[in-house]
Amino acid sequence: MKTNSSTELLIELHDGLPRLGPGNADSTLRALALCDPLPAAPDILDIGCGTGAQTLVLATALDGHITATDICDRFLARLQATILHQGLSSRIQTLAADMNRLPFPDRAFDLIWSEGAIYNIGFDNGLTAWRRLARPGAFLVVSELSWFSPNPPAELREFWTKHYPAMRSVEENIAAARAIGWHAVGNFHLPAQAWTDDYYRPLAQRIPVFRETHRDDNHAQEIADVTVVEMSWMDKYPSSYGYEFYVLRRGIRVATAGIAADDRANSRGIRTGPARSTAGGARSS
Ligand SMILES: C[S@@+](CC[C@H](N)C(=O)[O-])C[C@H]1O[C@@H](n2cnc3c(N)ncnc32)[C@H](O)[C@@H]1O
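Residues numbered from 1 in each chain as written. Predicted model: local features only at pLDDT ≥ 70, side-chain atom pairs only at ≥ 80, totals over all residues.

*Asks:* Help me out: how do you make sense of the site of the ligand in this one?
*Replies:* Taken together, the neighbourhood of the ligand is formed by 21 residues, with Gly 21, Gly 48, Gly 50, Cys 72 and Met 99 sitting nearest. A breakdown of the residues in the shell around the ligand according to their chemical character gives 8 nonpolar, 9 polar and 4 charged. (Near = placed C-beta within 6 Å. Nonpolar A, V, L, I, M, F, W, Y, C, P; charged D, E, K, R; others polar.)

Here you go:
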């Protein structure tokens, strides 16, 4: 009997859903509003775009060209079909690429976007690998599973320590971003409904068919089990953890010895002080 890999099973479980992870259009637009100033027609890179939930929101809100990248051909084919259907071929180009080895020249983009995907290579790795792609003053927007509470319930901490051990607090992620050369312009919690209504509800409807299709596959049953448990946490502990949107900006590098990149950034009105942290709600595996 053929054994399915975790990746194949997760793709099957998610393929055709309205979105592949927690998020919604309002939150994409809220993060975009913090990316100011942008050029009139920015060059945009969407990393881990999936079937393009956020790509299409960005294409509607901005002029400019979007390069939408993902490692999964099946997801990209779905996005490509939508692009053709909506007449967006001149605005969005899809490309199969590993987010750890993106094939673009240095300083190619004004705006780099990655919703619910940086966890695949880790927050610090992504921020480090993608920095060279950003023009000076360019923005990077990522959403990342983060602790909102300093003392989350033990059962919740145990689950996420097992399934996403790299999870940190919002403050720790902002400090890490700064150390890598990204200034936090703003950050906010993705609302809990963007997990429950926009992502988990359609996903939950898939589980019975998925279980039945793979009734003899223990691994598939485990994936369904973990997904069901994961979904229960957002109902139970929405204020303890969730996706945080991090809106980051690349400092301006200066040639003069002794003047920090941050100082030059300040002289251009770019905020370099501590980021504010708001309250709110919630990720997927
Ligand atoms: C949770 S989904 C999020 C997709 C989309 N941004 C959304 O919110 O609907 C994570 C995406 O990362 C992609 N991915 C996983 N590993 C990757 C890699 N190494 N390089 C590029 N994309 C990757 C997956 O194929 C998937 O589309």
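Having seen the structure, we can now continue with the description.
*Asks:* Sorry, what's going on with the packing of helix α5 (residues 123–131) against helix α7 (residues 170–180) here?
*Replies:* Packing of α5 against α7 leaves a shortest axis separation of 10 Å and a crossing angle of 30 degrees. One element, α5, and the other, α7, form an angle in the roughly parallel class. For α5 against α7, the interelement crossing comes out right-handed. Contact residues: Phe 123, Asp 124, Leu 127, Thr 128 and Arg 131 in α5; Asn 173, Ala 176, Ala 177 and Ile 180 in α7. (Axes fitted to C-alpha atoms, helices over the stretch in contact; angles between N-to-C directions. Helix = DSSP H or I, 4+ residues; strand = E, 2+ residues; numbered from the N terminus. Parallel < 35°, antiparallel > 145°, perpendicular 65-115°, else oblique. Left-handed = near helix turned anticlockwise from the far one by under 90°. Contact = placed C-beta atoms within 7 Å.)

*Asks:* Would you take a moment to explain the pairing of strand β1 (residues 43–47) for this structure?
*Replies:* Two faces make up the sheet, and in a regular strand the side chains alternate between them. Among the 5 residues in β1, 4 count as buried, and that is most of the element. In this region the chain leaves β1, passes through helix α3 (residues 53–61) and returns to the parallel neighbour strand β2 (residues 65–70); the handedness of that crossover is right-handed. Relative to strand β4 (residues 109–114), β1 runs parallel, the two being bridged by 3 bridges. Of the residues in β4, the one forming a bridge with Ile 44 is Leu 111. (Buried ≥ 20, exposed ≤ 12 C-beta atoms within 10 Å, placed from the backbone. Right-handed = clockwise from strand over helix to strand, strands pointing away. Pairing = 2+ DSSP bridges.)

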